[in-house]
Amino acid sequence: YAQKTFVQRWNTEPVSPINLHATMVAVPLPKHLQVLRNNVESRICSIRNILRERYNVEIKITSRHGIIMARFSAGVYNTTTDVDIAAEAIAEIKI
């Protein structure tokens, strides 16, 4: 559910096929939140702070090969409502 929701809401492509993960997914953030490689860590910090302070959302924001991604675990603690809230919050962020 998380991968499909994030990919559709952010208009991005999945990092891996749906059958290659269990409860954790990594999905690139929308293009408007991507930056040049030398600014990635600063952007990640800004996104995390905005998510925490404005939306009360805690989600792992990381990068691989200069692409900023959200990594979401749908294990015991997160629900489909949490996925929806995170997807909408990230889509709304303007930096």
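Preceding this section is the structure that the text describes.
Residue positions are given per chain, counted from 1 along the sequence in the order it is written. Per-residue local features are limited, in this predicted model, to residues with pLDDT of at least 70; the limit for side-chain atom pairs, both in listing and counting, is 80 or more; totals at the level of whole chains, interfaces and linings are taken over all residues. The side-chain figures draw on all heavy atoms in the structure; neither hydrogens nor water molecules are used.

J.: In this structure, what is going on with the overall build of the chain? I would like to understand it.
T.: Put simply, DSSP H or I for four residues or longer makes a helix, DSSP E for two residues or longer makes a strand, and each gets a number counted from the N terminus. Along the chain, the regular secondary structure elements total three helices and three strands. Helices and strands appear in the chain in the N-to-C order α-β-α-β-β-α. With respect to the principal axes defined by its C-alpha atoms, the chain has extents near 35 × 25 × 20 Å. Exposed residues in this analysis have more than 50% of their type's maximum accessible area, buried residues have under 20%, and partly exposed residues fall in between, with area computed by a 1.4 Å probe over protein chains only. Out of the 95 residues in the chain, the part that is buried amounts to 35%. Taking contacts inside the chain between residues at least 6 apart in sequence as the whole, the part at least 24 apart equals 58%. For the chain, the exposed surface amounts to about 6100 Å²; the carbon and sulfur share of it is 51%. Note on contacts: a residue pair is in contact if any heavy atoms of the two residues lie within 4.5 Å. Here, Shrake-Rupley sampling with a 1.4 Å probe gives the accessible areas, and only protein chains in the shown set may cover a residue.

J.: Help me understand the pattern of salt bridges in this model?
T.: A side chain with one charge can pair with a side chain of the opposite charge if their charged atoms come near. Salt-bridge detection follows one rule: a side-chain nitrogen of Lys or Arg within 4 Å of a carboxyl oxygen of Asp or Glu. Considering all chains together, one arrives at two salt bridges under this definition. Two residues, Glu-88 and Arg-9, come together in a salt bridge whose shortest N-O distance is 2.9 Å. Of the two residues, Glu-88 is situated in helix 3 (residues 80-92) and Arg-9 in helix 1 (residues 2-10); the sequence distance between them amounts to 79 residues. Among the residues examined, Arg-9 registers a relative accessible area of 38% and is labelled partly exposed. Among the salt bridges present, the one from Glu-58 reaches Arg-52, with a minimum N-O distance of 2.7 Å.

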